[in-house]
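Tertiary structure, described
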Amino acid sequence: MTTETVGTEAGDARITWHKAARARLVLAVGHGAGGGIEARDLRALAAALPEHGVTVALVEQPWRVAGKKVAPAPKTLDTGWRGVWPALAEPGLPVISGGRSAGARVACRTAAELGAHAVLALSFPLHPPGRPEKSRAEELLGAGVPTLVVQGGNDPFGRPEEFPEGAYDLVEVAYGDHGFAVPKRAPTTPERALETITGAVREWTVSLG
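Residues numbered from 1 in each chain as written. Predicted model: local features only at pLDDT ≥ 70, side-chain atom pairs only at ≥ 80, totals over all residues. Heavy atoms only, no water.

**Here's the deal with the overall build of the protein chain**
For clarity, the cut-off: A run of H or I in DSSP becomes a helix once it reaches four residues, and a run of E becomes a strand once it reaches two; helices and strands are each numbered from the N terminus. For this measure, only C-alpha atoms enter the radius of gyration; the expected value for a globule follows 2.2 Å times N^0.38, where N is the number of residues. The rule is simple: take the accessible area with a 1.4 Å probe, protein chains only, and divide by the maximum for that residue type; under 20% is buried, over 50% is exposed, in between is partly exposed. The contact criterion used is simple: two residues touch if any of their non-hydrogen atoms lie within 4.5 Å. Where accessible areas are quoted, they stem from the Shrake-Rupley method and a 1.4 Å probe; at the residue level, only the protein chains shown are allowed to cover. The charge count treats Lys and Arg as positive and Asp and Glu as negative. His and the chain ends do not count. Note on charges: their place is set at NZ of Lys, CZ of Arg, CG of Asp or CD of Glu.
Across its full length, the protein chain holds six helices and eight strands. Across the protein chain, helices and strands are ordered from the amino to the carboxyl terminus as β-β-β-α-β-α-α-β-α-β-α-β-β-α. Rg of the C-alpha trace for the protein chain: 16 Å, near the compact-globule value of 17 Å for 209 residues, within the 12% margin. Considering only C-alpha atoms, the protein chain reaches an extent of 40 × 35 × 30 Å along its principal axes. Among the 209 residues that make up the protein chain, the fraction classed as buried is 51%. Sequence-distant contacts in the protein chain: of pairs separated by 6 or more residues, those separated by 24 or more amount to 62%. When the accessible surface of the protein chain is summed, it comes to about 9,500 Å², and 51% of that surface belongs to carbon and sulfur atoms. Across the protein chain, 22 positive and 23 negative side-chain charges occur, with their mean positions spaced 5 Å apart.

In structure tokens:
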């Protein structure tokens, strides 16, 4: 694991690299508006994928690096993501643009212009909780590259059955909420939820070639 600070027009961002010995892809993953790269699903991907030929780059947006508590406007998040892209592409490998929640929206909005190989959208916030009329489906449908959505079955920001038809794949994490946590009474475990995520992403990266 190595850490790299990258200057962007939105401030300094930080990349934590989890490198594969024989990498065929780079999976760059940004965090959400309510947390950082310590999220359990991001850490699980960073631990599981390198042995399968995928270098994982966990990206901290400038506002997190600066110690701020509140995420800036989407336009500023996109600026930060664009700023780190040259460093993500430097190894010369295809780069999957990914993120969780707000980070997934950033990945979708910028994928085509940055030349992303594909998009990984973890807990895509299809709409604010309780407000399905405020749909963000256009961002997801407009990614323009192969896209995988991994969504909790009980995500208040959009349950799998709420997603529109489109040119993307969707994997459900049974009983999972927006952070992929599962209730204690559920007939599954937190460990199984993480295995579902890492297994789905691993298989999808293989399908990308």
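**Regarding empty space enclosed by the protein**
Selection criterion: Note on definitions: the grid is 1 Å and covers protein atoms alone; a cavity is a set of points where a 1.4 Å probe fits but cannot get out; a pocket is an open set with protein on both sides within 12 Å along at least five of seven lines; lining residues have an atom within 4 Å of a point. Grid points are joined across faces, edges and corners, and a volume is the space filled by probe spheres set on the points. Throughout this entry, Asp, Glu, Lys and Arg are counted as charged residues, while Ala, Val, Leu, Ile, Met, Phe, Trp, Tyr, Cys and Pro are counted as nonpolar. The remaining residues, Gly among them, count as polar.
Applying the stated rule across the entire model yields one cavity of 30 Å³ or more. Of the voids in this model, the largest cavity is the one considered here, and its volume is about 80 Å³. Lining the largest cavity are Gly30, His31, Gly32, Ala33, Gln61, Trp63, Leu77, Trp81, Ala102, Gly103 and Val106. Broken down by element, the lining of the largest cavity gets its largest block of residues, three residues, from helix H4 (residues 102-114). Residues that form the lining of the largest cavity fall into these classes: six nonpolar, five polar and no charged.

**Describing the layout of surface pockets**
Space left empty within the atom packing is revealed by a probe, the size of a water molecule, rolled over the atoms. One number sums up the size of the largest pocket: a volume of about 160 Å³. Around the largest pocket, the lining comprises 14 residues; the ones closest to its centre are Gly34, Gly35, Ala39, Arg100 and Gly179. Its residues assigned to classes, the lining of the largest pocket shows two nonpolar, eight polar and four charged.

**A closer look at the packing of aromatic side chains**
So the rule is basically this: Aromatic contacts are taken between Phe, Tyr and Trp rings whose centres are within 6.5 Å, Trp giving its six-membered ring; a plane angle under 30 degrees counts as stacked, one over 60 as edge-to-face, and the others as tilted.
For the structure on display, the rule yields one aromatic pair. Residues Phe124 and Phe163 carry aromatic rings whose centres are separated by 6.5 Å and whose planes lie at 65 degrees to one another, so their mutual orientation is edge-to-face. Taken together, the residues span a long stretch of sequence, with Phe124 in the loop between strand E6 (118-122) and helix H5 (137-141) and Phe163 in the loop between strand E7 (147-152) and strand E8 (169-173) at a distance of 39 residues. On the accessibility criterion, Phe124 (0% relative accessible area) is buried.

**Topic: unusual backbone geometry**
Residues other than glycine seldom take positive phi values, yet Ser123 does so here, at roughly 50 degrees. Following the sequence through the fold, Ser123 ends up in the loop between E6 and H5. A relative accessible area of 0% places Ser123 in the buried class.

**A word on the sheet that holds E7**
Rules: Two strands form a pair only when DSSP identifies at least two bridges running between them. Axis definition: a line fitted to C-alpha atoms, over the contacting stretch in the case of helices. Angles run 0 to 180 degrees between N-to-C directions.
With mixed pairing, eight strands are arranged side by side in an open sheet as E1-E2-E4-E3-E5-E6-E7-E8. The sheet is open, and its two edges are formed by strand E1 (2-8) and E8, each paired on a single side. Here the average twist between neighbouring strands, direction ignored, is 20 degrees. Note: strand E5 (residues 95-100) against E6, five bridges, orientation parallel. When the bridges of E6 are listed, Ser97 appears paired with Val119. Sitting on the sheet, H4 is in contact with strand E3 (25-30), E5 and E6, with an inclination near 145 degrees to E5.

Honestly, it's all geometry; don't read function into it.
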